[in-house]
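# Coordinate inspection notes
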Amino acid sequence: MFKKLNQTLITKYPLIWNLKYIWILLAAISINIIAFINGFLFFSKRNQLQESRLFDGFTEGGTFVNYIFASIIIIIIWLYFYIKNNRFKSFYPTSRNYLFKEFLALFFLFFVFLYIPNSFKLGIKYRVANTISNEQYFKDIDIINRAQAFTLQPNFGYNNSSRNLAVPVFDSLVSEKETKQLFEQNFIVYKKQYPKAEKHFIEPYFRNPEFEILLEKHFPQRKNYQPSGFTTNHVRLNEKDPNDYDSYVAPNSYATEYVGGYVPPVEEKADSAKEYYHLESLYNYSRLAFENKNDTAKNHAYYDKELITLLQKNDRKAIETLLVDYTKLLDKNEIGYEFKKSTWLNYIPQYPYYFIDYQLGKNNSYPNGEIEKDYINQSSLNEVYNNFEKAKFQSNWLENIEYYMMFAIGFAVFLVTFRFSSFKVWLISIVGAGILSILGSVLGLGISSVFNYNNYTPYIILILFYILFIVIMSSGLRTKQYKLITGVNLNWFVATNIFIGIVLLGFYTDIRADMLYDPTSKISIYQLREENAELRLLKQIADIFIYVNPILYIISFYFIINLYKNWQAMPEE
């Protein structure tokens, strides 16, 4: 059977026979299947869902070493048979289409080998996704979204600058008019110190620091000489939390919401006399842990309204029921919490203002193992359902495919340049590329020392080298002289083509960013890249181009083949 198949391939499909393509492709597919099964079995314990990098088990667990080792052995054995026969070097009549098909076959083969990590990850995601039904998942995240405000975590925003919706119990005490008046007064003082500062009044008005300052006068009993310890942050409605689910947010990070504005001047006091007002309230919580993809009406604003309504009703029984449901989720997912010193409900603030006096965010213990304070591992529960969400709704076989394609092209070019040029030319190209890298670094240091370093130096050096490759290659092919040097530069030109488009686009983006950047403004160059429409467009183009680039290269390689045919026809030196 195998002998007959081999004979058929020799006579009818010489390219497939020469590449030993059926056997090597079967080997590559088999390793991917094994990787999928390995990934499926990798997830075996419920508590693994608490790991933030669960789906990175291929690289973090050391599994990749075995797959790399096995793949290298298989490829080396295959290369031994593949390189024995070379129609091109033997001057056997070979069409451009044949050589192009050979390049495509090599590209696809290496792509399948490079896809192994994705197969492993898909195996994990498939098993995780089937651990819980979609119906149960949506019920659970509804409980989390409703109860999360009551977990009293220090990394949640509970002050007025954190909320998005009106709360009459607070807003009736401070009007928008008096908030703006204080804003204007503070800004005049600040303007004298920083004349170029711009004026930004945040909407809605209760998010301004002046609102909090005016509110303090109504609650003198909330004065303290220690900070509350709660983080200040804000997540706009209908926007993904920029801090992910549970990452720490630096205090006063809301200031980034009005870049170029100001922080109201605060009278300096001695540390011993410095005053704080603990006005953190459950009313101010505004954060959506999970999007309900089954019911888009249950969005960020929906849960904010539900929380405010629940608090306004002062229904402690309903709150207690919600806490019990949340505790059941903690138990089901084997997540730690402790309420020995008091019940959870006793930590929940009281009507009408719901001012917060406790945190439940840390699992501290004394040296003897006794729990220092009651706690909830809220972040662990969110991580569990974050992993469920990734497995169910973010499981994409195209993940990182653009990088696999780029590396597959690189490996294919590495092998094709060996097949299309002499061993001597190929070896000099490899060694010479390393020497050119060193020369480029030295040249860059020289330019930096003379003209001062700027971000353009690496781009300029690479582009100059690329132009030099084209000039030398074109000159050699035209005059039919210096075959060795021409072949080396042809190989360098072909290799550089893989990423030259990305380099040029990055170069142009950096130039435009520097042209648009105003050093006198308070906006950093990184913020400018995020906020400027033109730079955002260039970033979107770059994101798309990284997918298109491999396709463009494959198309261009069809025409590059003629350059190798012309180089081969040059007289030997």
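What this report covers is the structure whose coordinates are included nearby. None of these values were measured; they are calculated from a predicted model. (Residues numbered from 1 in each chain as written. Predicted model: local features only at pLDDT ≥ 70, side-chain atom pairs only at ≥ 80, totals over all residues. Heavy atoms only, no water.)

### A closer look at the packing of helix α18 (residues 457-479) against helix α20 (residues 500-516)
Contact geometry for α18 and α20: axes closest at 10 Å, N-to-C directions at 140°. In terms of axis orientation, α18 runs oblique to α20. Crossing hand, α18 versus α20: left-handed. Counting all contacts with α18, which are made through Tyr-459, Ile-460, Leu-462, Ile-463 and Tyr-466, the residues of α20 involved are Ile-500, Val-503, Leu-504, Gly-506, Phe-507 and Asp-510. Tallied by class, residues from the contact of α18 with α20 come to 9 nonpolar, 1 polar and 1 charged. (Axes fitted to C-alpha atoms, helices over the stretch in contact; angles between N-to-C directions. Helix = DSSP H or I, 4+ residues; strand = E, 2+ residues; numbered from the N terminus. Parallel < 35°, antiparallel > 145°, perpendicular 65-115°, else oblique. Left-handed = near helix turned anticlockwise from the far one by under 90°. Contact = heavy atoms within 4.5 Å. Nonpolar A, V, L, I, M, F, W, Y, C, P; charged D, E, K, R; others polar.)

### With respect to the environment of Phe-43
You can see Phe-43 is positioned in the loop between α3 (21-42) and α4 (57-60). Among the residues examined, Phe-43 registers a relative accessible area of 5% and is labelled buried. Sequence separation of Phe-43 and Gly-57 is 14 residues, and the distance between their C-alpha atoms is 9.3 Å. The contacts of Phe-43, once residues within four sequence positions are left out, are Gln-48, Leu-49, Leu-54, Ile-124, Arg-127, Val-128 and Thr-131. (Buried < 20%, exposed > 50% of the residue type's maximum accessible area, 1.4 Å probe, protein only.)

### Thoughts on helix α13 (residues 316-332)
If you check α13, its first and last C-alpha atoms are 24 Å apart, about what 17 residues at 1.5 Å a residue would give, namely 24 Å. Within the span of α13, buried status applies to Arg-316, Ile-319, Leu-322, Leu-323, Tyr-326, Thr-327, Leu-329 and Leu-330. Looking down the long axis of α13, one finds its buried residues gathered within 155° of arc, a one-sided arrangement. Turned more than 90 degrees off the buried face of α13, the exposed positions are Lys-317 and Lys-328. Residues of α13 that are buried in the fold lie against α8 (134-147), α12 (300-313), β3 (337-338), α14 (344-347), β4 (375-376) and α15 (378-393). By the N-cap criterion, in which a side-chain oxygen at the helix start approaches the backbone nitrogen of a residue two or three places on, α13 is capped by Asp-315, the distance to Lys-317 being 3.2 Å. One or two residues past the end of α13 sits Glu-334, with phi positive at roughly 60°. (Expected span 1.5 Å × (residues − 1). Arc of directions from axis to C-beta. Polar contact = N/O pair within 3.5 Å; in protein donor to acceptor, adjacent residues only side chain to side chain.)

### Quick word on the side chain of Lys-121
Looking at the secondary structure, you find Lys-121 in helix α7 (residues 116-129). Excluding residues that lie within four positions of it along the chain, Lys-121 makes contacts with Phe-55, Asp-56 and Glu-399.

### Some remarks on a nonpolar patch on the surface
A contiguous nonpolar patch, built from Phe-414, Phe-423, Leu-427, Ile-430, Val-431, Ile-435 and Leu-439 and spanning about 640 Å² of accessible area, is present on the exposed surface. Among the elements that make up the nonpolar patch, the one with the highest residue count is helix α17 (residues 423-451) (6 residues). Here Phe-414 is to be found in helix α16 (residues 401-420). For Phe-414, a relative accessible area of 43% puts it in the partly exposed group. (Patch = residues over 30% accessible without salt bridge, like charges linked within 9 Å, V, L, I, M, F, W, Y side chains within 5 Å. Areas by Shrake-Rupley, 256 points an atom, 1.4 Å probe, with all protein chains shown as cover. Salt bridge = Lys/Arg side-chain N within 4 Å of Asp/Glu carboxyl O.)

### Here's the deal with the layout of surface pockets
Rolling a probe over the atoms, with the probe sized like a water molecule, indicates the empty space that remains. The space that makes up the second largest pocket amounts to roughly 670 Å³. Lining of the second largest pocket is provided by 28 residues; of these, Ala-433, Ser-437, Trp-492, Thr-496 and Phe-499 occupy positions nearest its centre. Only α16, α17, α18 and α19 (483-496) provide two or more residues apiece to the lining of the second largest pocket. The element contributing the most residues to the lining of the second largest pocket is α17, with 11 residues. Across the lining of the second largest pocket, the residue classes break down as 17 nonpolar, 11 polar and no charged. (1 Å grid on protein atoms, 1.4 Å probe; cavity = no way out; pocket = protein on both sides within 12 Å on 5 of 7 lines; lining within 4 Å. Points joined across faces, edges and corners; volume = space filled by probe spheres on them.)

### Here's the deal with the packing of α18 against α19
Where α18 meets α19, the axes come as close as 8 Å, and the angle between the chain directions of the two elements is 135°. When the axes of α18 and α19 are compared, the pair comes out oblique. In the packing of α18 onto α19, the handedness of the crossing is left-handed. Residues Leu-462, Tyr-466, Leu-468, Phe-469, Ile-470, Ile-472, Met-473, Gly-476 and Leu-477 of α18 form the contact with α19, whose participating residues are Ile-485, Thr-486, Asn-489, Leu-490, Trp-492, Phe-493 and Thr-496. Grouping the constituent residues of the contact of α18 with α19 by class yields 12 nonpolar, 4 polar and no charged.

### Looking at empty space enclosed by the protein
The full count for this structure, using the stated rule, is 4 cavities of 30 Å³ or more. Estimated volume of the largest cavity: approximately 60 Å³. Asn-145, Arg-146, Ala-149, Tyr-285, Arg-287, Tyr-303, Asp-304 and Leu-307 are the residues that line the largest cavity. At the level of secondary structure, the elements contributing two or more residues to the lining of the largest cavity comprise α8 and α12. Examining the composition of the lining of the largest cavity, we find that 3 residues originate from one element, α12, more than from any other. Tallied by class, the residues present in the lining of the largest cavity amount to 4 nonpolar, 1 polar and 3 charged.

### Some details on the packing of aromatic side chains
The description of two aromatic rings rests on the distance between their centres and on the angle between their planes. This structure, assessed with the given rule, holds 56 aromatic pairs. Taking the centre distance of 5.5 Å and the plane angle of 40° together, the rings of Phe-58 and Tyr-67 count as tilted. Just as Phe-58 is buried, Tyr-67 falls in that class too. In this arrangement the basic side chain of Arg-127 is found over the ring face of Phe-40, its NZ or CZ atom lying 4.8 Å from the centre. A cation over an aromatic ring shows up here: Arg-163 above the ring of Phe-206, its NZ or CZ 3.8 Å from the ring centre. (Phe/Tyr/Trp six-rings, centres within 6.5 Å; stacked < 30°, edge-to-face > 60°. Lys NZ or Arg CZ within 6 Å of the ring centre and 35° of its normal.)

### What about the nonpolar core?
Membership of the largest hydrophobic core comes to 126 residues, with the highest contact counts inside it found for Phe-150, Tyr-385 and Phe-557. Tallying contributions element by element places helix α6 (residues 96-114) first for this core, with 12 residues. Among all residues touching Tyr-385, those that are not within four sequence positions of it are Ile-132, Tyr-137, Asp-140, Ile-141, Ile-144, Phe-290, Leu-329, Lys-332 and Asn-333. (Core = buried A, V, L, I, M, F, W, Y, C linked by side-chain atoms within 4.5 Å.)

### Re the side chain of Ser-161
Along the polypeptide, Ser-161 turns up in the loop between α8 and α9 (168-171). At a separation of 2.9 Å, a polar atom in the side chain of Ser-161 contacts the side chain of Asn-159.

### Re unusual backbone geometry
Geometrically, the link from Glu-203 to Pro-204 is a cis peptide bond, its omega value of 0° lying close to zero. Note on placement: Pro-204 falls in the loop between α10 (176-193) and α11 (209-216). The backbone phi angle of Glu-334 is positive, close to 60°, even though this residue is not glycine. Mapped onto the secondary structure, Glu-334 falls in the loop between α13 and β3. Phi at Asn-400 takes a positive value of approximately 65°, unusual for a residue other than glycine.

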